[in-house]
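Structure at a glance
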Amino acid sequence: MKVNVHAVNFNVDRKLVGFVQARLDKLEKYYDRVVYSDVFFKLDNSNDKVNKIAEIKVNVPGNELIVKKQCKTFEEAVELAADSMERLLVKRKQKIRANT
């Protein structure tokens, strides 16, 4: 699956990009018709330690699914967002199967 990683106002290191690619490749187990996905990393301007935001957009035929999580680290945020995306993809697959 094609994964596009975007960082707002900072540069992402290759280790994080590799982690994101490996984690999102697992999404194809749950729904095999994923076209591509975009991952956006943002830093919240608050003084909170929980200021790292990861937003995952997954494009499937006829729809775009979006999940956004905020955590202490980008890795943790990606992990939680990917878990939520897995549930969304499973629901979509079940819904399509029920309609056919």
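Residues numbered from 1 in each chain as written. Predicted model: local features only at pLDDT ≥ 70, side-chain atom pairs only at ≥ 80, totals over all residues. Heavy atoms only, no water.

The next point concerns the packing of aromatic side chains. By the definition in use, this model includes two aromatic pairs. With a centroid separation of 5.5 Å and an interplanar angle of 15 degrees, the aromatic rings of phenylalanine 10 and phenylalanine 74 are classed as stacked. Taken together, the residues span a long stretch of sequence, with phenylalanine 10 in the loop between β1 (2–7) and α1 (14–25) and phenylalanine 74 in helix α2 (residues 74–99) at a distance of 64 residues. A relative accessible area of 23% means that phenylalanine 10 is categorised as partly exposed. Looking at phenylalanine 74, the relative accessible area reads 10%, which means it is buried. Ring geometry for phenylalanine 41 against phenylalanine 74: centres 4.9 Å apart, planes inclined by 65 degrees, an arrangement best described as edge-to-face. With phenylalanine 41 in strand β2 (residues 36–43) and phenylalanine 74 in helix α2, the pair connects residues that are 33 residues apart, well separated along the chain. When its relative accessible area of 0% is taken as the criterion, phenylalanine 41 is described as buried. (Phe/Tyr/Trp six-rings, centres within 6.5 Å; stacked < 30°, edge-to-face > 60°. Helix = DSSP H or I, 4+ residues; strand = E, 2+ residues; numbered from the N terminus. Buried < 20%, exposed > 50% of the residue type's maximum accessible area, 1.4 Å probe, protein only.)

What follows is about the pattern of salt bridges. Taken as a whole, this structure holds four salt bridges when the rule is applied. Ionic pairing is found between glutamate 79 and arginine 23, a salt bridge with its closest N-O pair at 2.8 Å. Linking glutamate 79 in helix α2 with arginine 23 in helix α1, this pair joins segments that are 56 residues apart in sequence. In this structure glutamate 79 comes out as partly exposed when scored by relative accessible area, which is 31%. The buried category is assigned to arginine 23, whose relative accessible area is 6%. Between aspartate 83 and arginine 23 there is a salt bridge, with its nearest N and O atoms 2.6 Å apart. (Salt bridge = Lys/Arg side-chain N within 4 Å of Asp/Glu carboxyl O.)

Below, the discussion takes up α2. Because an α-helix packs 3.6 residues into every turn, residues spaced three or four apart end up facing the same way. Here α2 contains 26 residues, and its C-alpha end-to-end distance of 37 Å stays within 8% of the 38 Å for a straight helix at 1.5 Å per residue. Phe74, Ala77, Val78, Ala81, Ala82, Ser84, Met85, Glu86, Leu89 and Arg92 are the residues of α2 that are buried. (Expected span 1.5 Å × (residues − 1).)

Spatially, the C-alpha atom of arginine 23 lies 9.7 Å from that of aspartate 83, the residues being 60 residues apart in sequence. In contact with arginine 23, not counting residues within four places along its chain, are Val78, Glu79, Ala82, Asp83 and Glu86. (Contact = heavy atoms within 4.5 Å.)

Turning to unusual backbone geometry, a few remarks are in order. With a phi close to 70 degrees, asparagine 9 is a non-glycine residue in the positive phi region. Relative to the helices and strands, asparagine 9 is located in the loop between β1 and α1. Taking the relative accessible area as the measure of exposure, asparagine 9 reaches 79% and is therefore exposed.

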